[in-house]
Amino acid sequence: MASWCGLPTPGDEQSEYHEGTRHLLRHGSSLALMSLVSTTLNESEEFGDVDPEEDWKTWSERRPELQLYYAVFVDPSRDGTDAVACVLRAILDPATPARPSGRARIIIDYVTTRPSARGRGLASAAVRFVNE
């Protein structure tokens, strides 16, 4: 995963405290994160039915080199699913000679913030994180 320096290896995740939002940021591609993001997206008003297994099948058949990546902002003062404040799912698209820029890219697939956590800049922080 040389083109994605600093990210956890596929199937793993990392956690770090994000000072700007005062939330814990969990990110990676572990099954736990995949499930947490999918559940949160399915519970949101914006997205109806997100099926991570079907999505993985679709993306891996289209382009096997693509990887799904997840980021979750968790409120450390809450427990369980109530602690999930914002989720993001992205597609990591490695550099290929066929791409004119020759650079790797990140496609943001989904991002949502729970209504109770909106207006705090969490979605913007999640987008900035995956772009860094």
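Residues numbered from 1 in each chain as written. Predicted model: local features only at pLDDT ≥ 70, side-chain atom pairs only at ≥ 80, totals over all residues. Heavy atoms only, no water.

Draft legend 1. Structural detail: the overall build of the protein chain. Of the regular secondary structure elements, the protein chain holds three helices and five strands. Starting at the N terminus and ending at the C terminus, the protein chain contains elements arranged as β-β-α-α-β-β-β-α. For a compact globule of 132 residues, the expected C-alpha radius of gyration is about 14 Å, and the protein chain comes in at 15 Å, within 12% of that figure. C-alpha atoms of the protein chain, sized along the principal axes, occupy 45 × 30 × 25 Å. Per-residue burial over the protein chain gives 41% buried out of 132 residues. Partitioning the intrachain contacts of the protein chain with sequence separation of at least 6 by distance along the chain shows that 51% fall at a separation of at least 24. Counting every atom, the protein chain has about 7,500 Å² of accessible surface; 49% of that belongs to carbon and sulfur. Separation between the mean location of the 14 positive side-chain charges and that of the 20 negative ones in the protein chain comes to 6 Å. (Helix = DSSP H or I, 4+ residues; strand = E, 2+ residues; numbered from the N terminus. Rg over C-alpha atoms; globule rule 2.2 N^0.38 Å. Buried < 20%, exposed > 50% of the residue type's maximum accessible area, 1.4 Å probe, protein only. Contact = heavy atoms within 4.5 Å. Areas by Shrake-Rupley, 256 points an atom, 1.4 Å probe, with all protein chains shown as cover. Lys, Arg positive; Asp, Glu negative; His and termini not counted. Charge placed at Lys NZ, Arg CZ, Asp CG, Glu CD.)

Draft legend 2. Main features of unusual backbone geometry. One non-glycine residue, R22, lies in the positive phi region at around 60°. Since its relative accessible area comes to 59%, R22 is described here as exposed.

Draft legend 3. Molecular detail of the side chain of S30. By secondary structure assignment, the location of S30 is in the loop between β2 (23-28) and α1 (31-43). Leaving out residues up to four positions away in the same chain, S30 has contacts with G11, D12 and E13.

Draft legend 4. Just the pattern of salt bridges, in detail. On inspection of all chains with the given rule, the structure shows seven salt bridges. The partner of R78 in a salt bridge is D75, and the shortest N-O contact between them spans 3.7 Å. One salt-bridge network, in which partners are shared between bridges, spans R63, E65, D93 and R105. (Salt bridge = Lys/Arg side-chain N within 4 Å of Asp/Glu carboxyl O.)

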